[in-house]
Amino acid sequence: MNLYVLSSLKHEIKNLSCPAIQTTWVKPGTVLAMDCDKTGHKGGKVANQVMQNPQDLANIQDRLDSVSHTPSSIIENLPKSVRRRINALKQLQVKCAHTEAKFYEEVHELERKYAALYQPLFEKRCTIVTGEVEPTDEECEWQSDREDEDLAEDMEKKASITENKTNSSEEENPKGIPEFWLTIFRNVDMLSELLQEHDEPILRHLQDIKVIFSDPGQPMSFTLEFYFEPNEYFSNTVLRKVYKMKSEPDPTDPFSFEGPEIVDCEGCIIDWKKGKNVTLKIIKKKQKHKGRGTVRTITKQVPNDSFFNFFSPVKTLGEGGTLDEDSEFSLAADFEIGHFFRERIVPRAVLYFTGEAIEDENFEDEEGEEVEEEDIEEEGEENDEAEYEDKKEAVQPPECKQQ
């Protein structure tokens, strides 16, 4: 069995200089194996059959072309003078990447500027959520598409309910918007996966989340600040997490630059009150003395699943350092969550509370339909190959089929 390079292989196919050709069909992207029999009897008949079916020969040619047209092969086959000019274009492309990095740095400055304009609005949101301020009737007006339907349903419910209510005025008019941020955590899949049952009583005390950008002239970063009212779990009033960013191409791979990226994050120390640390759990273990045979019970603290592990992130190892696969996955997920807080949850909190933002995202993505279309295309390709195999077998002489 001789493996020919693609160029000579295409030459042999075109001229049929090899008297006996037995093709082995493999997946696209691999070399086709050709077997030349010096006797030239059986293979000669196959070659004649192929020559009598131009479509089969064209399919062979297309497969070879698809294999040979790789970026490396294209560049290697170009004249030296053209390759030099391509290198010059790559130099220009690197300069474009650095220019793009400067663009994103200015975008970051613009974000900082507008963050100051958003802040009064977010502060007003916080006062309404916590019940410090009661909005006016004018501020509470909102035209809903379902307003008439909702009103009709409310009237129907009121008509069917008898007046046997006890004195529950306090329950009917709670302070602010109870469990505002906790509800958001429950609604967003990315956060609900981190949320544990023992976290929920703590998050009921969460009053606000802010995004703070780095000061002018400082390295690019942003800080998430979680504000809590006094509670029985920890003494902190604010829990912070800093995400460090960079907006510069990687010297080893400048063409991969697609904008600013998070490169590291720092959490904070939570001052847990005695017995309230939900990130640790106590387990009891029995130990038997080898000599005396007596048994004792010891207690041990081990890590526990909790959202509040979010403030003790995995640390990066800097340049040249390596992390195990689990640590890399945790760090990537952490970066994604931080970005989601900054870009989506904090700016659009009320829409994640009501679920409207989640419905919009599901409607816009339509990932399921795209996947189905891809599956159909792949199935179609498999059917085409199956039909081609049937045709190929039909043109083979009896001698080949018996092998």
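Up top you'll find the structure we're talking about.
Residues numbered from 1 in each chain as written. Predicted model: local features only at pLDDT ≥ 70, side-chain atom pairs only at ≥ 80, totals over all residues. Heavy atoms only, no water.

Visitor: I keep staring at the sheet that holds strand β6 (residues 261-266) and nothing clicks. Help me out?
Guide: Within a beta sheet, neighbouring strands are joined by backbone hydrogen bonds and run either parallel or antiparallel to one another. Judged by pairing direction, the sheet is antiparallel, and its four strands sit side by side in the order β3-β4-β5-β6 without closing on themselves. Looking at the sheet topology across the chains shown, the edges are occupied by β3 (206-213) and β6. Averaged over all neighbouring strand pairs, the angle between strand axes comes to 20°, with direction disregarded. As paired elements, strand β4 (residues 221-228) and strand β5 (residues 238-246) share seven bridges and run antiparallel to each other. (Pairing = 2+ DSSP bridges. Helix = DSSP H or I, 4+ residues; strand = E, 2+ residues; numbered from the N terminus. Axes fitted to C-alpha atoms, helices over the stretch in contact; angles between N-to-C directions.)

Visitor: Sorry, what's going on with the packing of aromatic side chains here?
Guide: The description of an aromatic ring pair uses the distance of the two centres, along with the angle that the planes make with each other. Enumeration over the complete set of coordinates arrives at 24 aromatic pairs. Between Phe222 and Tyr243, the ring centres sit 5.2 Å apart and the planes meet at 15°, which makes this aromatic pair stacked. Linking Phe222 in strand β4 with Tyr243 in strand β5, this pair joins segments that are 21 residues apart in sequence. Taking the relative accessible area as the measure of exposure, Phe222 reaches 0% and is therefore buried. (Phe/Tyr/Trp six-rings, centres within 6.5 Å; stacked < 30°, edge-to-face > 60°. Buried < 20%, exposed > 50% of the residue type's maximum accessible area, 1.4 Å probe, protein only.)

Visitor: Would you take a moment to explain a nonpolar patch on the surface for this structure?
Guide: Judged by side-chain polarity, Leu110, Tyr114, Leu117, Tyr118 and Leu121 come together as a nonpolar surface patch covering roughly 540 Å² of accessible area. Assignment of secondary structure puts Leu117 in helix α5 (residues 80-130). Judged by relative accessible area, Leu117 falls into the exposed class, the value being 52%. (Patch = residues over 30% accessible without salt bridge, like charges linked within 9 Å, V, L, I, M, F, W, Y side chains within 5 Å. Areas by Shrake-Rupley, 256 points an atom, 1.4 Å probe, with all protein chains shown as cover. Salt bridge = Lys/Arg side-chain N within 4 Å of Asp/Glu carboxyl O.)

Visitor: Would you take a moment to explain the pattern of salt bridges for this structure?
Guide: On inspection of all chains with the given rule, the structure shows 13 salt bridges. Note that Lys124 and Glu139 form a salt bridge whose closest N and O atoms lie 3.0 Å from each other. Of this pair, Lys124 sits in helix α5 while Glu139 sits in helix α6 (residues 137-140), and the two are 15 residues apart along the sequence. On the basis of relative accessibility, which here comes to 34%, the residue Lys124 falls in the partly exposed class. According to the relative accessible area criterion, Glu139 is partly exposed, its value standing at 44%. Among the ionic pairs, Lys246 bridges to Glu261, the shortest N-O distance being 4.0 Å. Residue Lys246 is located in strand β5, and its partner Glu261 is located in strand β6; the two are separated by 15 residues in the primary sequence. Under the relative-accessibility criterion, Lys246 is labelled partly exposed at 25%.

Visitor: I keep staring at the pairing of β4 and nothing clicks. Help me out?
Guide: Here β4 lies mainly inside the structure; seven of its eight residues are buried. Direction of pairing for β3 relative to β4: antiparallel, over a ladder of seven bridges. Note on β4: the bridge partner recorded for Ile212 is Thr223.

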